[in-house]
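# Fold and contact review
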Amino acid sequence: MGFLLIISMLPLQYKRALHTMGPLYFGAHFIAFVITALLFCWKPQGFSRKCPWAAGACATALFLEVLEAVCYHNPVEWLDVWTGCLGVAAGLIVLVMLQRTPTSAPSYQNKG
């Protein structure tokens, strides 16, 4: 979480020096919030208990963008917020699929 805050709040010249901008920017932003969702939602069991944590991860994306806008007097980059929220949704889906417990498998044996 601290890593996201540090990278988000770096002045533009440092972001350019670290190559955090460019053609891979949105993909990296998406992956960062997939990881954020995994970290936020790992412990709570069940989809309904993970959802508030996922909402918190989306709120983090919004908070970071608003903080950047306030500190650097830039407009809020709504595409970044949406990219972050899509990453959170993808992370939540992956996590729910990985943590689900298999139910009884259907029997494909021919009874006869």
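Residues numbered from 1 in each chain as written. Predicted model: local features only at pLDDT ≥ 70, side-chain atom pairs only at ≥ 80, totals over all residues. Heavy atoms only, no water.

## Focus: the packing of aromatic side chains
Inclusion rule: In this scheme Phe, Tyr and Trp rings, the latter by its six-membered ring, pair at centre separations within 6.5 Å, and the angle between planes marks the pair as stacked below 30 degrees, edge-to-face above 60, and tilted otherwise. Only protein chains enter the accessibility calculation, which uses a 1.4 Å probe. A residue is then buried if its area is under 20% of the maximum for its type, exposed if over 50%, and partly exposed in between.
Per the stated rule, a full pass over the model turns up one aromatic pair. Ring geometry for tyrosine 25 versus phenylalanine 26: centroids 5.0 Å apart, planes at 75°, classification edge-to-face. For tyrosine 25, a relative accessible area of 25% puts it in the partly exposed group.

## Thoughts on the side chain of threonine 83
Applied cut-off: Labels follow the DSSP assignment, with helices taken as runs of H or I lasting at least four residues and strands as runs of E lasting at least two, numbered in each case from the N terminus. The term polar contact refers here to a pair of N or O atoms within 3.5 Å; inside protein, the definition further demands a hydrogen-donor-capable atom paired with an acceptor-capable atom, and it admits residues adjacent in sequence only when both atoms are side-chain atoms. For this analysis, residues touch if any pair of their heavy atoms sits within 4.5 Å.
Structurally, threonine 83 can be placed in helix 5 (residues 78-99). At a separation of 2.7 Å, a polar atom in the side chain of threonine 83 contacts the main-chain carbonyl oxygen of leucine 79. Once residues lying within four places of it in the same chain are set aside, the contact partners of threonine 83 are Phe26, His29 and Phe30.

## Some details on helix 3 (residues 25-41)
The condition that has to hold: Given the number of residues in a helix, its expected span is that number minus one, multiplied by 1.5 Å. Here the arc refers to the directions that run from the helix axis out to each C-beta atom.
The first and last C-alpha atoms of helix 3 sit 24 Å apart over 17 residues, in line with the 24 Å expected at 1.5 Å per residue. Those residues of helix 3 lying buried are His29, Phe33, Val34, Thr36, Ala37 and Cys41. The buried residues of helix 3 occupy an angular sector of 165° when the element is viewed end-on, so they sit on one face.

## Considering the nonpolar core
Stated formally: Joining through side-chain atoms within 4.5 Å is the link that ties buried Ala, Val, Leu, Ile, Met, Phe, Trp, Tyr and Cys residues into a set, and such a set is a nonpolar core.
In this structure, Leu4, Phe33, Ala37, Cys41, Ala54, Ala57, Ala61, Leu64, Val88, Leu92 and Leu95 together form the largest nonpolar core, which totals eleven residues. Here this core takes four residues from helix 4 (residues 47-72), the largest share from any one element. Apart from the residues lying within four places of it in its own chain, the contact partners of leucine 95 are Leu38, Cys41, Trp42 and Lys50.

## Brief notes about the confidence of the model for the chain
So the rule is basically this: Scored from 0 to 100, pLDDT reflects the predictor's confidence in each residue.
Residue-level pLDDT values for the chain average 84, and 80% of them are 70 or greater. Taking the mean pLDDT of every element in the chain, the minimum, 69, falls on helix 2 (residues 12-17) and the maximum, 93, on helix 5.

## With respect to the packing of helix 3 against helix 5
Here is the rule: Only C-alpha atoms enter the line fits that serve as axes; for helices the fit covers just the stretch in contact. Angles between N-to-C directions range over 0 to 180 degrees. Orientation labels follow simple angle bins: below 35 degrees gives roughly parallel, above 145 gives roughly antiparallel, 65 to 115 gives roughly perpendicular, and whatever is left gives oblique. Here a crossing is taken to be left-handed if its near helix is turned anticlockwise relative to the far helix by less than a right angle, and right-handed if that turn runs clockwise. Side-chain classes are defined by residue name, with Ala, Val, Leu, Ile, Met, Phe, Trp, Tyr, Cys and Pro counting as nonpolar, Asp, Glu, Lys and Arg as charged, and the others, Gly among them, as polar.
Following both chains from N to C, one finds helix 3 and helix 5 inclined at 45°, their axes separated by 7 Å at the closest point. By the angle class used here, helix 3 and helix 5 are oblique. Seen along the crossing, helix 3 lies across helix 5 with a hand that is right-handed. Every residue of helix 5 that contacts helix 3 at Tyr25, Phe26, His29, Phe30, Phe33, Val34, Ala37, Leu38 and Cys41 is listed here: Leu79, Asp80, Thr83, Gly84, Leu86, Gly87, Val88, Ala90, Gly91, Leu92 and Leu95. Per-class residue counts for the contact of helix 3 with helix 5 are 14 nonpolar, five polar and one charged.

## Quick notes on the packing of helix 4 against helix 5
Where helix 4 contacts helix 5, the axes come no closer than 9 Å and their chain directions differ by 155°. By the angle class used here, helix 4 and helix 5 are roughly antiparallel. Crossing handedness for the pair helix 4 and helix 5: right-handed. Of the residues in helix 5, those in contact with Phe47, Lys50, Cys51, Ala54, Ala57, Cys58, Ala61, Leu62 and Glu65 of helix 4 are Trp78, Asp80, Val81, Gly84, Cys85, Val88, Leu92, Leu95, Val96 and Gln99. Residues belonging to the contact of helix 4 with helix 5 are distributed by class as follows: 14 nonpolar, two polar and three charged.

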